[in-house]
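Take a look at the letters that make up each chain.
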Amino acid sequence: MGYSVLSLIANALTGQRGWTPAWRDAEPKPFYDVVIVGGGGHGLATAYYLAKEHGLRHVAVVEKGWIGSGNAGRNTTIIRSNYLLPGNEAFYEWSMKLWEGLEQDLNYNAMVSQRGVLNLYHSDAQRDAYARRGNAMRLHGVDAELLDEAQIRRLYPFLDFDNARFPIKGGLLQRRGGTARHDAVVWAYARAADRLGVDIVQNCEVKGFLRENGAVSGVETTRGAIKAGKIGLAVAGASSRLAGLADLKLPIESHVLQAFVSEGLKPMIAGVVTFGAGHFYISQSDKGGLVFGGDIDGYNSYAQRGNLPTIEDVCEGGMALMPALGRVRVLRHWGGVMDMSMDGSPIIDRTPIAGLYLNAGWCYGGFKATPASGWCFAHLIARDAPHPVARAFRLDRFATGRLIDEKGVGAQPNLH
Ligand SMILES: Cc1cc2nc3c(=O)[nH]c(=O)nc-3n(C[C@H](O)[C@H](O)[C@H](O)COP(=O)(O)OP(=O)(O)OC[C@H]3O[C@@H](n4cnc5c(N)ncnc54)[C@H](O)[C@@H]3O)c2cc1C
């Protein structure tokens with residue numbers, strides 16, 4: 001059913017009994033043209049665009065748990081396109097453009113809120129780096145403003161401006177950046193894909209690949225074998241494990257990232273603010289909770305849970321930026337497993353195995369990429385050619401040296 005003001009009124013007047021399930025709980029069929037492994041935002045968006053943009057009707061998304069149970073439902077919901085490097089900027093700006101039309105396209109309130117993303121700088125050198133990034137963005141037609149200290153004081157008077165160690169000198173603002181409700185994005189893509197005939201098969205874990213003459217021809221799952229013309233992997237933190245089942249070794253490490261939500265407060269933080277002298281970012285949800293996070297754990301892990309030392313580290317960053325945080329109670333926190341690539345940029349590419357396609361390496365920035373990732377992965381799978389804005393996200397760049405090291409920190413996943 002379509003969602004509209006009229007359907008809201010009609011259901012309000014009839015005891016809310018007219019709503020139908022947003023998507024079918026599909027049974028797996030023996031064969032599909034394309035099977036997407038992973039029912040996160042990227043997998044569902046890929047399936048949706050395969051059906052909508054490329055006319056494919058025999059598509060399934062297989063998910064080991066419930067859709068959105070991975071990072072799609074665990075992130076801090078920040079969306080932005082404030083990148084420096086040419087390989088990244090066009091892609092993330094395309095994602096931002098898709099966010100701007102997403103709710104109309106999917107007929108779903110995903111609470112996309114362009115409330116602004118502000119990166120603070122604390123030294124002259126950092127200001128120069130941000131000015132360079134802002135200029136690169138503007139050359140790509142993306143909005144960017146360099147604010148000075150007085151402008152930031154007017155926006156966020158309660159930040160610790162005069163901290164002797166981390167004085168706030170200004171910030172780079174992208175007003176079109178902001179937040180979107182993460183699970184609503186998953187549900188929106190699931191519903192829209194389902195309406196185009198995509199089968200969403202939950203509680204269906206992929207345990208291996210069927211092979212014929214070296215190519216993949218299907219997946220072995222906990223609900224039986226499913227044959228497929230093509231298979232796309234979009235399993236985020238499980239990428240290296242899944243690729244391992246196909247004897248592929250990826251340039252990816254898995255690390256845990258935690259997120260935190262405080263008790264509900266009156267409105268105090270209008271947009272997204274990131275601390276430039278440590279790793280800490282914060283925004284406020286529409287319910288009033290402060291949503292914040294920081295660094296990944298230093299060691300590799302597939303465990304979807306956080307630990308105390310990182311909680312302490314994140315809270316220290318928060319206190320250095322905003323001492324008032326010390327009086328706020330944290331209500332919830334959780335962890336997600338990040339697919340950290342060696343240069344901090346993603347991979348949307350064919351693999352050396354015929355029929356097997358890879359979408360991975362999103363580090364902790366893949367939520368904002370969800371629409372463009374799905375769009376470009378669908379393009380790659382349907383046409384066997386990379387989409388122009390994702391051309392740089394090749395798997396072989398780690399061999400050819402064409403890295404996209406946005407932060408210039410080298411092969412150090414914890415620094416990306
Ligand atoms: C705490 C935290 C904060 C973050 N903050 C931000 C942010 O503010 N902004 C931003 O842009 N990004 C952020 N991210 C990153 C972002 O969430 C991810 O990069 C993005 O969600 C990854 O793509 P996805 O949604 O498809 O992944 P997921 O939702 O993880 O989807 C992958 C799916 O694959 C499934 N799967 C795994 N193995 C199998 C198997 N064998 N068979 C079948 N299914 C399988 C999983 O169950 C999962 O549902 C954050 C992540 C975390 C954890």
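The notes below deal with the structure included here. (Residues numbered from 1 in each chain as written. Predicted model: local features only at pLDDT ≥ 70, side-chain atom pairs only at ≥ 80, totals over all residues. Heavy atoms only, no water.)

### Quick word on the packing of aromatic side chains
The description of an aromatic ring pair uses the distance of the two centres, along with the angle that the planes make with each other.
Link 1 in the chain: Scanning the model with the defined rule gives 17 aromatic pairs in all.
Link 2 in the chain: Considering the side-chain rings of Tyr3 and Trp19, the 6.0 Å spacing of their centres and the 80° angle between planes classify their relative orientation as edge-to-face. With a gap of 16 residues between them, Tyr3 in the segment before helix H1 (5–13) and Trp19 in the loop between H1 and strand E1 (31–37) connect regions that are remote in the sequence.
Link 3 in the chain: Tyr3 sits in the partly exposed class, given a relative accessible area of 27%.
Link 4 in the chain: Aromatic rings pair up to connect Tyr48, Tyr49, Trp94, Tyr189 and Trp375 into one cluster.
Link 5 in the chain: Its guanidinium or amino end placed over the ring of Tyr3, Arg191 lies 3.7 Å from that ring's centre, counting from NZ or CZ.
Link 6 in the chain: When the ring centre of Tyr302 is taken as reference, the NZ or CZ atom of Arg241 above it lies at 4.1 Å. (Phe/Tyr/Trp six-rings, centres within 6.5 Å; stacked < 30°, edge-to-face > 60°. Helix = DSSP H or I, 4+ residues; strand = E, 2+ residues; numbered from the N terminus. Buried < 20%, exposed > 50% of the residue type's maximum accessible area, 1.4 Å probe, protein only. Lys NZ or Arg CZ within 6 Å of the ring centre and 35° of its normal.)

### Looking at the environment of Arg391
Link 1 in the chain: Secondary-structure assignment places Arg391 in the loop between helix H9 (370–383) and helix H10 (397–400).
Link 2 in the chain: Along the backbone, Arg391 and Arg350 are 41 residues apart, and their C-alpha atoms lie at a distance of 11 Å.

### A short note on the environment of Phe166
Link 1 in the chain: The topology assignment puts Phe166 in the loop between helix H5 (149–155) and strand E6 (170–174).
Link 2 in the chain: Through-space distance from the C-alpha of Phe166 to that of Ala320 is 7.8 Å; in sequence the pair is 154 residues apart.
Link 3 in the chain: Beyond its immediate sequence surroundings of up to four residues, Phe166 is in contact with His122, Asp160, Phe275, Ala277 and Ala320. (Contact = heavy atoms within 4.5 Å.)

### Describing the side chain of Thr179
Link 1 in the chain: Here Thr179 is to be found in strand E7 (residues 178–179).
Link 2 in the chain: Residue classification places Thr179 among the buried residues on the basis of a relative accessible area of 7%.
Link 3 in the chain: In this structure the side chain of Thr179 is engaged in a polar contact, spanning 3.3 Å, whose partner is the side chain of Arg115. (Polar contact = N/O pair within 3.5 Å; in protein donor to acceptor, adjacent residues only side chain to side chain.)

### A look at the site of the ligand
Link 1 in the chain: What surrounds the ligand is a group of 38 residues, the closest being Glu63, Asn71, Ala72, Thr76 and Lys368.
Link 2 in the chain: Between a nitrogen atom of the ligand and a main-chain N or O atom of Ile78, the distance comes to 3.0 Å.
Link 3 in the chain: Interatomic distance of 3.0 Å between a backbone N/O atom of Gly366 and an oxygen atom of the ligand.
Link 4 in the chain: Within the complex, the protein chains bury 96% of what would otherwise be the 1,000 Å² of accessible surface of the ligand.
Link 5 in the chain: Contributing elements (two or more residues each) for the shell around the ligand: helix H2 (41–54), strand E12 (252–264) and strand E16 (330–341). (Near = heavy atom within 4 Å. Areas by Shrake-Rupley, 256 points an atom, 1.4 Å probe, with all protein chains shown as cover.)

### Thoughts on the state of the cysteines
Link 1 in the chain: Scanning the entire structure with this criterion turns up zero disulfides.
Link 2 in the chain: Cysteine Cys376 shares no disulfide, and the gap to the nearest cysteine sulfur, in Cys363, comes to 17 Å.
Link 3 in the chain: Its relative accessible area of 1% is what places Cys376 among the buried residues. (Disulfide = S-S within 2.5 Å.)

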